[in-house]
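# What the coordinates show
The residues making up each chain are set out below.
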Amino acid sequence: MTSQELRQLFITYFKKNGHRLIPSSSLIPENDPSVLFTTAGMQQFKPYYLSLKDPFKDNHLSLGEPLKSRNIITCQKCFRTTDINEVGDRSHLTFFEMLGNFSFGGYFKKEAIQLMFDFLFKELEIDEQRASFTFFSGNNNIPSDEESYQILKSLSIPEEKIKQGKEDNFWGPTGMIGPCGPTVEVYVDGIELWNLVFNEYYFNEKKEYQPLKQKGVDTGMGLERLTLITQFPQDETKTIFDTDLFAPLMDYLFQFLPQDQEGLKTARIFADHIKSIVFLLSEGILPSNTDRGYVVRRLIRRIARFLEKYQLAKEMIFNLVDLVVAMYSLEYPEIDKKEEIKKVLLDELLKFEKTLARGLKIFEELIETKEKENQKIITGLEAFNLYQSYGFPLELIKEMAQEKSFSVNEEDFQKEITHHQEISRAGKEKKFGGHGLKGLITTPEQEKMVKLHTSAHLLLAALKKIVDPDIQQKGSDINSERLRFDFSLDRKLTDKEIKEIEKLINQKIQEGLEVNYYETSYEDAIKRGAEGVFKERYPEKVKVYVIKDKEGEIFSQEICAGPHVKNTREIGKFKILKQESVSSGVKRIKAVIEDN
Ligand code: SER
């Protein structure tokens, strides 16, 4: 059976059982600013699980009309970086297609498990003997999913084939908040094939599990894995790369790569990455040093290094692009942009070519010296130098190290990044009056956190200007996805105030104001009117970050260790997601930033 037939069988089977087929959503999540990519089929349906949208009344975001059904199926294109280090084994990929059936109030555990069972073992006639199942056995917060266990048993599945699971059998949320719940996982030939999620909870900002009003079903089955177990039953020697979803790419690559272990691994990573690159570029994502752009850049640079290692002509990549487009353009017509994709790829490869050659030379010399000294570890600083001076992404350095039986001190590498960010900023600001970080590549997560950090300063200033000059910051928490900001106020902000605050902050961002700092004693800083909260924690000399407006008036002045953006324009677009009450005198704002 071909992968195309399997896709179709899934669709036909679930349509017959009362589901509506909805097109795959974009790889850039449309209603979920907290995640970079679409990693699961359920993302486009989040509002339905949360009862924020009615499937019969409200328009679906990209469909432009209501879903008109509580039971939905999709074949969703997905991209995940979480498994990037596993790519090359039997079953992990960065780009994959997920077949999924979803229900928001149409059916729940019993029907979902039955549908799964009938599709696999009756419709596809997979031998039940090959399958095993896991269910959620409970933890401190959530009880064991006895119901699913009983349903599985009622299908005459032998008890020894139903195992208890903990972490892996609880799914979600995507991002920080959202629907989540216990899962039943289906394994065939030892491969995790299908994940049935029963969304019963909402994980909120306070990190609590609230029962959902509307319980829902969210299932996902990797098409590549389904194809593997169907095309090569009970054959452990075969991998997803042997299926028809990869064969054309692998056959082509093997015209150029050696058939040994290393060549095989390279071909697999190459094939996986080129698919991801084609799909990501087709969505208009361009290689850059931040967010999604940096992810694409990393994938392309890994391929650039394969080209160099095996002395392959760039043109071969273009043939691979043609192959990917030919394989997928029927299902995903949006990728039919061969020429644009090739142009971006070529530009990016050319950009990297020179530094790659120089970096590789440096790397070889480094290895040689270390081998003489009997060392097998690349230090954080050495890795950082390759990263900063030659633009080598960490996984590329790791891969090259591995090939030489070296390892990389990743923890120190991350420390170096943080350290150098600060030094670079401080040094350059002293010399040039506020031009820091140029040429230094940071991870998207770190950059986002720095932006959110500066946003927190703007937020406090805006609260004081618009609401009450006596407002004090009561705490803040920043991760790579959002800012949580607590402040003193004995009432809730009105919607109008929130809008005005957001507007003022975005205005200051657009004005492109410089962010500078000076150093002085804590007492002097306070005298000069700087904000400061926890006095006892400050060292003798403190840094005071200042943002002046266009007229030269101080807009924000805070004692803070940094780091911050050098110009407010870097922040992008500031958006307040919600306000909450922490206690009667303390309110909380949750905010995110979006790229402009
Ligand atoms: N959301 C679940 C997953 O991604 C099931 O679709 O595995």
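Residues numbered from 1 in each chain as written. Predicted model: local features only at pLDDT ≥ 70, side-chain atom pairs only at ≥ 80, totals over all residues. Heavy atoms only, no water.

### Regarding the overall build of the chain
What counts here: The helix and strand labels rest on DSSP assignments: H or I over at least four residues marks a helix, E over at least two residues marks a strand, and numbering proceeds from the N terminus. Just to be clear, the radius of gyration here is over C-alpha atoms, and the globule rule we use is 2.2 Å times residues to the power 0.38. Accessibility here uses a 1.4 Å probe with only protein chains present; expressed as a share of the type maximum, an area under 20% marks a residue as buried, one over 50% as exposed, and anything in between as partly exposed. Per-residue and other accessible areas follow the Shrake-Rupley method at a 1.4 Å probe size, with only the shown protein chains counted as cover for residues.
Counting its regular elements, the chain contains 16 helices and 18 strands. Relative to the 2.2 N^0.38 estimate, which gives 25 Å for 596 residues, the radius of gyration of the chain is 27 Å and therefore close to what a compact globule would have. Oriented by its inertia axes, the alpha-carbon framework of the chain measures out at about 80 × 65 × 45 Å. Buried positions account for 56% of the 596 residues belonging to the chain. Of the roughly 26400 Å² of accessible surface on the chain, 48% is carried by carbon and sulfur atoms.

### So, the packing of helix α7 (residues 261-282) against helix α9 (residues 315-328)
Note the cut-off: Lines fitted to C-alpha atoms define the axes, with helix axes restricted to the stretch in contact, and inter-axis angles between N-to-C directions lie between 0 and 180 degrees. Under this scheme an angle from 65 to 115 degrees is roughly perpendicular, one under 35 degrees roughly parallel, and one over 145 degrees roughly antiparallel; angles in between are oblique. In what follows, residue pairs with any heavy atoms lying within 4.5 Å of each other are defined as contacts. For this classification, Asp, Glu, Lys and Arg are treated as charged, while Ala, Val, Leu, Ile, Met, Phe, Trp, Tyr, Cys and Pro are nonpolar and the rest, including Gly, are polar.
In contact at an axis separation of 10 Å, α7 and α9 are set at 70 degrees when each is read in the N-to-C sense. As summarised for this structure, α7 and α9 are arranged roughly perpendicular, according to the angle between their axes. Together, F270, I274, K275, V278 and F279 of α7 and M316, I317, L320, V321, V324, V325, M327 and Y328 of α9 make up the contact between the two elements. Split into classes, the residues belonging to the contact of α7 with α9 amount to 12 nonpolar, no polar and one charged.

### Remarks on the sheet that holds strand β18 (residues 586-594)
Defined as follows: Criterion used throughout: strands pair if DSSP finds at least two bridges between them.
Here we have four strands laid out as an open sheet, ordered β12-β13-β18-β17, and antiparallel in their pairing. The open sheet is flanked by β12 (473-478) and β17 (573-583), the only strands paired with a single partner. Averaged over all neighbouring strand pairs, the angle between strand axes comes to 20 degrees, with direction disregarded. The pairing of β17 with β18 spans nine bridges and is classified as antiparallel. Considered in β18, the bridge of S583 is made with V586. Here helix α14 (residues 444-466) sits on the sheet and contacts β12, β13 (483-488), β17 and β18; the angle it forms with β13, its principal contact strand, is near 25 degrees.

### A look at unusual backbone geometry
If a residue is not glycine, its phi is most likely negative; likewise, a peptide bond is most likely trans. Cis rather than trans, the peptide bond between G172 and P173 has omega equal to 0 degrees. Structurally, the position occupied by P173 is in the loop between β6 (170-171) and β7 (178-188). Residue P563 follows G562 across a cis peptide bond; omega there is -5 degrees. Positionally, P563 belongs in the loop between β16 (554-559) and β17. The phi dihedral of E125 falls on the positive side, at around 55 degrees, and the residue is not glycine. Structurally, E125 can be placed in the loop between α3 (109-123) and β4 (131-136). Positive phi outside glycine occurs at D291, with the angle close to 40 degrees.

### Looking at the site of the ligand
In plain terms, the rule: If even one non-hydrogen atom of a residue comes within 4 Å of a molecule or strand, that residue is called near it. As used in this structure description, the phrase polar contact means that two N or O atoms lie within 3.5 Å; if the pair is within protein, one of them must be able to donate a hydrogen and the other to accept it, and residues adjacent in sequence are counted only when both atoms belong to side chains.
Every residue lining the ligand is accounted for by A40, M42, R80, M98, W171, N195, V197, D218, T219 and G220. Within the contact set of the ligand, an oxygen atom lies 3.5 Å away from a side-chain nitrogen or oxygen of W171. Note that an oxygen atom of the ligand is positioned 3.1 Å from one of the backbone N or O atoms of G220. When the free accessible area of the ligand is taken as 230 Å², the share hidden by the protein chains comes to 95%.

### Brief notes about α14
Rules: Here, expected helix span is obtained from the residue count minus one, scaled by 1.5 Å.
With 23 residues, α14 should cover 33 Å at 1.5 Å per step; its first-to-last C-alpha distance of 32 Å lies within 8% of that length. The buried count for α14 comes to 19 of 23 residues, which makes it a mostly enclosed element.

### Details of the pattern of salt bridges
The test is simple: A pair is scored as a salt bridge if a Lys or Arg side-chain nitrogen falls within 4 Å of a carboxyl oxygen belonging to Asp or Glu.
With the rule as written, the count across this model stands at 46 salt bridges. Ionic pairing is found between E205 and K578, a salt bridge with its closest N-O pair at 3.1 Å. Pair noted here: E205 is in the loop between β8 (191-203) and β9 (209-222) and K578 is in strand β17, with a separation of 373 residues, a long-range link. K314 serves as the salt-bridge partner of E353, at 2.7 Å between the closest nitrogen and oxygen.

### Remarks on the side chain of S455
Tracing the sequence through the fold places S455 in helix α14. By relative accessible area, S455 is classed as buried at 0%. Those residues in contact with S455 that lie beyond four places of it in its chain are L483, I571, F574 and I593.

### Points about the pairing of β16
The element β16 is extensively covered by neighbouring structure, given that five of its six residues are classed as buried. As paired strands, strand β15 (residues 541-548) and β16 are joined by five bridges and run antiparallel to one another. Opposite Y545, over in β16, you have E558 as the bridge partner.

### Some words on the sheet that holds strand β14 (residues 515-521)
The three strands are arranged β14-β15-β16 in an open sheet whose pairing can be described as antiparallel. Two strands in the sheet have a free side with no partner beyond their single neighbour: β14 and β16. Taken over all neighbouring pairs, the strand axes of this sheet differ in orientation by 25 degrees on average, direction set aside. Where β14 lies against β15, seven bridges are found, and the strand directions are antiparallel. By the bridge assignment for β15, S521 is matched with K541. On top of the sheet, α14 reaches β14, β15 and β16; it is set at about 120 degrees to β16, its chief contact.

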